[in-house]
Amino acid sequence: MLRVWNCIELQHDWRQVLLAAAVCFLTSFAAVNLFTRARTSSPDTRLAWLMTAGFVTGFGTWATHFIAMLAYTPGFAINYDLIITACSLVAATVMTTAGFAVALFGQTRQGALTGGSLIGIGIACMHYMGMASLRIPATIVWLPDMVVASILFSVLLGAGAVLVAQRSDGPAKLLLAALLLTLAISVHHFVAMGAVDLVYRAEAAASGSLLSPIELSLAIAAFTATIVIAGLIVAISDQRTRRSISKRNLQLDAALNNMGQGLCMYSADGLLELWNESYMRMYNIPPEKMLVGATVDQVLALRAAAGMLFVDMDDHETKLRAAIADRVPSSQNAELPDGRTINVRFSPMQNGGWVVTHADITDRKLSEARIVHLARHDPITDLPNRVAFNEHLARVFSEASAGHGSFAIARIDIDRFRETNDVYGQATGDAVLAELAKRLAHACNGAFLARPSGDIFSIVSHLGAEPQTAEDLCARLSGILDNTFQIGSQHINVRCSIGISVYPQDGQDTEALIAHADLALDRAKAEERGTIRFFEAAMDQHIREKRLLQRDLVVAIENKQFQLYFQPQATTEGAIVAFEVLLRWRHPERGMISPAVFIPLAEETGLIGAIDEWVVREACREAVTWGNPLSIAINLSPVNFRRGDVPGMLAAVLAETGLCPKRVEIEITEGVLIDDFAGAIAILRAIKEQGVRVAMDDFGTGYSSLSYLQAFPFDKIKIDQTFVARLEDNTQSAAIVHAIIGLGRSLKLPVIAEGVETAAQLSFLAAEGCAEVQGFLIGRPQPIAHYQSVVGPPGGTAAAVKRAS
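Residues numbered from 1 in each chain as written. Predicted model: local features only at pLDDT ≥ 70, side-chain atom pairs only at ≥ 80, totals over all residues. Heavy atoms only, no water.

Peer 1: I'm lost on the nonpolar core in this one. Help?
Peer 2: For soluble globular proteins, the rule of thumb is that nonpolar side chains tend to be buried together. Core analysis: the largest hydrophobic core is formed by 79 residues, its most contacted members being Ile 632 and Phe 714. The element best represented in this core is helix 20 (residues 608–623), accounting for seven residues. With 33 residues, the next largest nonpolar core counts Ala 410, Leu 436, Ala 437 and Leu 449 among its residues. (Core = buried A, V, L, I, M, F, W, Y, C linked by side-chain atoms within 4.5 Å. Buried < 20%, exposed > 50% of the residue type's maximum accessible area, 1.4 Å probe, protein only. Helix = DSSP H or I, 4+ residues; strand = E, 2+ residues; numbered from the N terminus.)

Peer 1: Could you clarify how one ought to interpret the confidence of the model for the protein in this entry?
Peer 2: As a general rule, the predicted coordinates of low-pLDDT regions are not to be interpreted in detail. Confidence along the protein averages 82 in pLDDT terms, with 87% of residues attaining 70 or more. The least confident element of the protein is strand 5 (residues 210–211), whose mean pLDDT is 50; the most confident is strand 25 (residues 772–774), at 95. This model gives residues 204–210 a pLDDT under 50, and the stretch forms 12 contacts once residues within four places in sequence are excluded. Taken as a whole, residues 796–805 scores under 50 in pLDDT and shows 31 contacts with residues more than four places along the chain or in a different chain. (pLDDT = per-residue confidence, 0-100. Contact = heavy atoms within 4.5 Å.)

Peer 1: Would you explain helix 20 in this entry?
Peer 2: The first and last C-alpha atoms of helix 20 sit 22 Å apart over 16 residues, in line with the 22 Å expected at 1.5 Å per residue. Listing the buried residues of helix 20 in full gives Ile 608, Ile 611, Asp 612, Val 615, Val 616, Arg 617, Ala 619, Cys 620 and Ala 623. (Expected span 1.5 Å × (residues − 1).)

Peer 1: Explain the pairing of strand 15 (residues 490–503) here, please?
Peer 2: Two faces belong to every sheet, and in a regular strand the side chains alternate between them. Strand 15 sits mainly inside the fold: 10 of its 14 residues count as buried. Across eight bridges, strand 11 (residues 406–414) lies against strand 15 in antiparallel orientation. Bridged to Arg 411 within strand 15 is Gly 499. Taking the residues between adjacent antiparallel strands as the criterion, strand 14 (residues 482–487) and strand 15 are bridged by two residues, where Gly 488 takes a positive phi near 65 degrees. (Pairing = 2+ DSSP bridges.)

Peer 1: How should empty space enclosed by the protein be read in this particular structure?
Peer 2: Over the atoms a probe the size of a water molecule is rolled, and this reveals where empty space is left. Scanning the entire structure with this criterion turns up three cavities of 30 Å³ or more. Quantified by volume, the largest cavity comes out at close to 150 Å³. Lining the largest cavity are 15 residues, with Tyr 266, Val 296, Leu 300, Leu 320 and His 358 positioned closest to its centre. Contributing elements (two or more residues each) for the lining of the largest cavity: strand 6 (262–266), helix 10 (296–305), helix 11 (313–326) and strand 10 (354–360). Here the lining of the largest cavity gets five residues from one element, more than from any other, and that element is helix 11. Here the residues of the lining of the largest cavity are counted per class, giving 11 nonpolar, two polar and two charged. (1 Å grid on protein atoms, 1.4 Å probe; cavity = no way out; pocket = protein on both sides within 12 Å on 5 of 7 lines; lining within 4 Å. Points joined across faces, edges and corners; volume = space filled by probe spheres on them. Nonpolar A, V, L, I, M, F, W, Y, C, P; charged D, E, K, R; others polar.)

Peer 1: When you look at the pattern of salt bridges in this model, what are you seeing that I'm missing?
Peer 2: Proximity of charged atoms lets side chains of opposite charge pair with each other. One pass over the structure, following the stated rule, counts 26 salt bridges. A single salt-bridge network, built from bridges that share partners, covers Glu 613, Arg 617, Glu 618, Arg 621 and Glu 656. (Salt bridge = Lys/Arg side-chain N within 4 Å of Asp/Glu carboxyl O.)

Peer 1: Is there a simple way to explain the pairing of strand 14 in this structure?
Peer 2: Residue alternation in strand 14 divides its side chains into a buried set, Asn 483, Phe 485 and Ile 487, and an unburied set, Asp 482, Thr 484 and Gln 486. Relative to strand 15, strand 14 is paired through six bridges, and the arrangement is antiparallel. The residue of strand 15 that forms the bridge with Asp 482 is Arg 495.

Peer 1: Is there a simple way to explain the packing of helix 5 (residues 109–132) against helix 6 (residues 144–166) in this structure?
Peer 2: Axes are the key here: two packed helices are described by the angle between their axes and the distance separating the axes. Two elements in contact, helix 5 and helix 6, have axes whose closest approach is 7 Å; the angle formed by their N-to-C orientations is 140 degrees. Looking at the two axes, helix 5 sits oblique to helix 6. As for how helix 5 packs across helix 6, the hand of that crossing is right-handed. Residue-level inspection shows Arg 109, Ala 112, Leu 113, Gly 116, Ser 117, Ile 119, Gly 120, Ile 121, Ile 123, Ala 124 and Tyr 128 of helix 5 in contact with helix 6, the latter providing Val 147, Ser 150, Ile 151, Ser 154, Val 155, Gly 158, Ala 159, Val 162, Leu 163 and Gln 166. For the contact of helix 5 with helix 6, the class distribution of residues is 13 nonpolar, seven polar and one charged. (Axes fitted to C-alpha atoms, helices over the stretch in contact; angles between N-to-C directions. Parallel < 35°, antiparallel > 145°, perpendicular 65-115°, else oblique. Left-handed = near helix turned anticlockwise from the far one by under 90°.)

Peer 1: I'm lost on the side chain of Asn 628 in this one. Help?
Peer 2: Structurally, Asn 628 can be placed in the loop between helix 20 and strand 20 (631–635). A distance of 3.3 Å separates the side chain of Asn 628 from the backbone oxygen of Val 790, its partner in a polar contact. (Polar contact = N/O pair within 3.5 Å; in protein donor to acceptor, adjacent residues only side chain to side chain.)

Peer 1: When you look at the sheet that holds strand 7 (residues 272–275) in this model, what are you seeing that I'm missing?
Peer 2: Spatially, five strands are ordered 7-6-10-9-8 in an open sheet, and the strand pairing comes out antiparallel. The sheet is open, and its two edges are formed by strand 7 and strand 8 (330–335), each paired on a single side. Between one strand axis and the next, the sheet turns through 20 degrees on average, direction left out of account. Relative to strand 10, strand 6 is paired through five bridges, and the arrangement is antiparallel. Looking at strand 10, one finds that Tyr 266 is bridged to Trp 354.

Peer 1: Explain the packing of aromatic side chains to me, please; I cannot follow it from the model alone.
Peer 2: Aromatic ring pairs: the centre-centre distance and the angle between the two ring planes describe each pair. Here the structure, examined in full by the defined rule, presents 17 aromatic pairs. Between the aromatic rings of Phe 25 and Phe 29, the centroid separation amounts to 6.2 Å while the plane-to-plane angle is 25 degrees, which identifies the pairing as stacked. Taken together, the residues Phe 25 and Phe 29, both in helix 2 (residues 14–40) and four residues apart, mark about one turn of the helix. Classification of Phe 29 as partly exposed rests on a relative accessible area of 28%. On the basis of an interplanar angle of 75 degrees and a centroid distance of 4.9 Å, the ring pair of Phe 712 and Phe 714 is categorised as edge-to-face. Among the residues examined, Phe 712 registers a relative accessible area of 1% and is labelled buried. Residue classification places Phe 714 among the buried positions, given a relative accessible area of 4%. Grouped by ring-pair contacts, the aromatic residues Phe 562, Trp 585, Phe 598 and Trp 614 constitute a single cluster. Residue placement shows Arg 303 over the ring face of Tyr 283; its charged tip is 3.9 Å from the ring centre. (Phe/Tyr/Trp six-rings, centres within 6.5 Å; stacked < 30°, edge-to-face > 60°. Lys NZ or Arg CZ within 6 Å of the ring centre and 35° of its normal.)

Peer 1: I tried to follow unusual backbone geometry on my own but got confused; where do I start?
Peer 2: Most of the time, phi is negative for any residue but glycine, and the peptide bond is trans. Following Tyr 503, the chain continues to Pro 504 via a peptide bond in cis, the omega torsion being 10 degrees. In this structure, Pro 504 sits in the loop between strand 15 and helix 17 (510–527). If you check the backbone angles, Asp 382 has positive phi at about 60 degrees while not being a glycine. With respect to the helices, strands and loops of the structure, Asp 382 is situated in the loop between helix 12 (362–376) and helix 13 (386–401). A relative accessible area of 40% means that Asp 382 is categorised as partly exposed. Here Asp 698, not a glycine, exhibits a phi torsion of approximately 55 degrees, which is positive. Within the fold, Asp 698 resides in strand 22 (residues 693–699).

Peer 1: For this particular structure, what's the right way to read the packing of helix 5 against helix 7 (residues 171–194)?
Peer 2: Interhelical geometry of helix 5 versus helix 7 gives an angle of 35 degrees and a closest axis separation of 10 Å. In this structure, the crossing between helix 5 and helix 7 has a hand that is right-handed. Residues Ile 119, Ile 123, Ala 124, His 127, Tyr 128 and Met 131 of helix 5 pack against Leu 181, Ala 184, Ile 185, His 188, His 189, Ala 192 and Met 193 of helix 7. When its residues are assigned to classes, the contact of helix 5 with helix 7 shows 10 nonpolar, three polar and no charged.

Structure (structure tokens):
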């Protein structure tokens with residue numbers, strides 16, 4: 001060892017020795033990393049990483065040797081034979097590659113030791129071939145024991161380095177393997193240099209193919225920098241890529257297995273490539289049964305074994321295979337034997353494969369069916385409501401008018417039902433309605449029975465070719481005219497009056513038939529309650545009275561007999577944010593006339609346009625004077641949307657009064673959208689473009705409210721008071737209100753509930769997250785002077801008011 005130390009100290013430039021050591025460690029670290037990449041890579045890239053690791057190691061060994069030789073100063077010039085120098089590089093590369101290959105493919109401790117030994121032998125071969133390439137004026141005399149020692153050091157340290165690298169599982173072991181490989185190269189070199197004795201020969205000739213030390217150093221530096229940097233860049237890039245791919249695979253796996261939908265991906269050859277856990281859970285398929293490369297038929301066979309084929313599997317499979325063949329996206333719903341409904345969606349991919357997703361839409365279908373049912377049925381009796389009644393009547397009328405017989409309309413009213421509610425309570429009143437509905441259904445004997453509103457029931461009975469069979473309907477209904485119902489512990493006497501009209505003799509359209517049935521009902525109640533009356537021509541007196549009211553309505557418009565009332569709208573905390581504008585008619589002789597009486601007449605006669613314009617103008621004139629800039633909500637008749645220029649009228653009034661459009665909210669019912677949907681939507685968009693807000697009134701009472709919300713961006717939805725009134729004692733009403741508020745929250749639409757009359761109703765709505773409320777609990781409709789403290793003086797700022805009396 002003293003001889004080796006003296007060789008290093010006396011015959012080497014320390015600066016270049018340190019440079020050689022740095023180059024050796026850098027290349028060793030790169031080689032170990034590349035070997036690790038080869039060990040952990042996929043089979044199709046493993047050979048490329050192996051070759052790169054072998055080349056970097058061989059070149060690093062060669063570069064270390066010749067840089068250290070440049071540091072060697074024997075006292076005379078040193079030149080190198082080009083061919084032997086190149087061969088030494090080849091030998092180092094081949095031997096180190098072979099060593100790494102044995103360690104890589106052996107995958108055992110013995111394989112690692114054997115491969116490392118080969119690398120050590122390769123280091124020795126490169127060194128002694130390099131020494132053979134020396135062209136110096138001296139003869140080299142070798143010390144055999146030192147030569148053997150140098151080879152043993154390279155073999156043992158090389159074997160240790162590869163063994164550690166093969167088992168590396170972190171940065172510490174990689175660093176240790178790199179240090180051992182550095183020692184294998186460095187120790188071998190300097191022990192071998194210690195084995196050299198030089199005998200000077202002045203007559204030694206130089207060959208023509210020689211490299212000067214400067215040329216060799218430049219070549220070594222350039223090649224070493226290029227190879228090592230390239231190797232490290234490739235290794236680091238690959239490591240980052242693998243990490244990125246691994247991360248993306250984890251993300252993809254997490255995304256796929258957390259999908260609510262089942263998914264299967266197939267190749268262009270129709271072989272299964274990818275699936276998720278949701279698919280296996282959906283069809284009870286054991287995970288070990290799903291295999292990559294399975295065909296569509298094999299996957300279906302797994303479902304068949306689990307009893308999870310669709311009920312109409314032949315139809316589903318035919319459509320799916322047609323979609324696969326045509327490469328056209330498709331979607332279809334199918335039923336499973338356990339009653340679940342699955343939506344199957346096929347989507348082709350650009351590479352020729354396809355993806356099929358399976359979504360369990362059972363809950364959604366049930367919810368949709370429930371919402372549709374609730375929208376078309378009365379929540380108390382579960383009978384068809386006004387919308388369903390009108391639809392059925394239209395169909396029956398169409399059939400009868402085509403020459404297929406006659407039909408009768410019966411209108412049934414519970415006499416003094418309000419008294420029942422007042423005496424026994426609303427819950428008992430609801431129970432009476434439900435019990436009467438059951439008895440009517442039995443008496444109808446299959447005729448269509450509905451509850452359009454309040455305590456009014458309607459029956460449509462197809463009578464065939466003989467109108468006189470209406471007598472049969474009377475006979476069946478007579479049994480329920482006067483009954484005693486037992487509701488809980490109470491015995492309640494219930495009497496009904498019935499009015500009947502018959503097509504074709506009592507009217508040539510549905511409106512006339514309903515009106516005449518109502519006239520007959522009024523006659524029964526007026527003459528003798530608890531009886532049945534058919535419509536008679538003498539009842540037309542009612543029509544004459546209607547005409548008189550129509551004439552008075554024209555006078556009312558001319559003489560400004562109308563008056564605006566305002567009802568506050570507030571948050572559930574009680575802060576008033578707006579007023580709904582309500583119209584009242586103070587008749588000089590009849591006194592206050594209900595809007596329910598004169599508004600339908602105004603719509604029928606076309607006077608509603610002038611009335612609505614007056615309401616809008618007067619309401620805006622009033623609102624613009626308020627010191628507190630609260631909003632106003634104005635109802636417009638559906639008739640105006642069919643006959644008038646509503647956007648133009650609003651624009652003119654806003655320009656005339658100077659009221660900010662954002663303070664105006666127009667409330668519409670679904671009647672606006674029924675007849676001319678596209679035209680109504682265009683009008684509503686024109687209104688919104690002015691900055692005026694649009695709200696859907698009486699939400700939940702129509703059958704197509706959901707589709708309207710999808711078609712137009714309403715600013716607010718208003719829950720009809722019929723649902724709010726039953727919140728405390730009717731679970732169906734509570735469910736409807738809960739659903740509507742939840743729908744508003746999902747669509748980010750504010751919801752206002754009207755008809756709030758009790759603290760319990762307000763508490764329920766607040767708990768559900770309803771944005772605003774309106775009703776007698778907040779404030780009754782009054783002239784605006786009653787709310788002067790809320791709206792504030794002109795130009796002033798009103799104090800916040802929590803609740804109006």
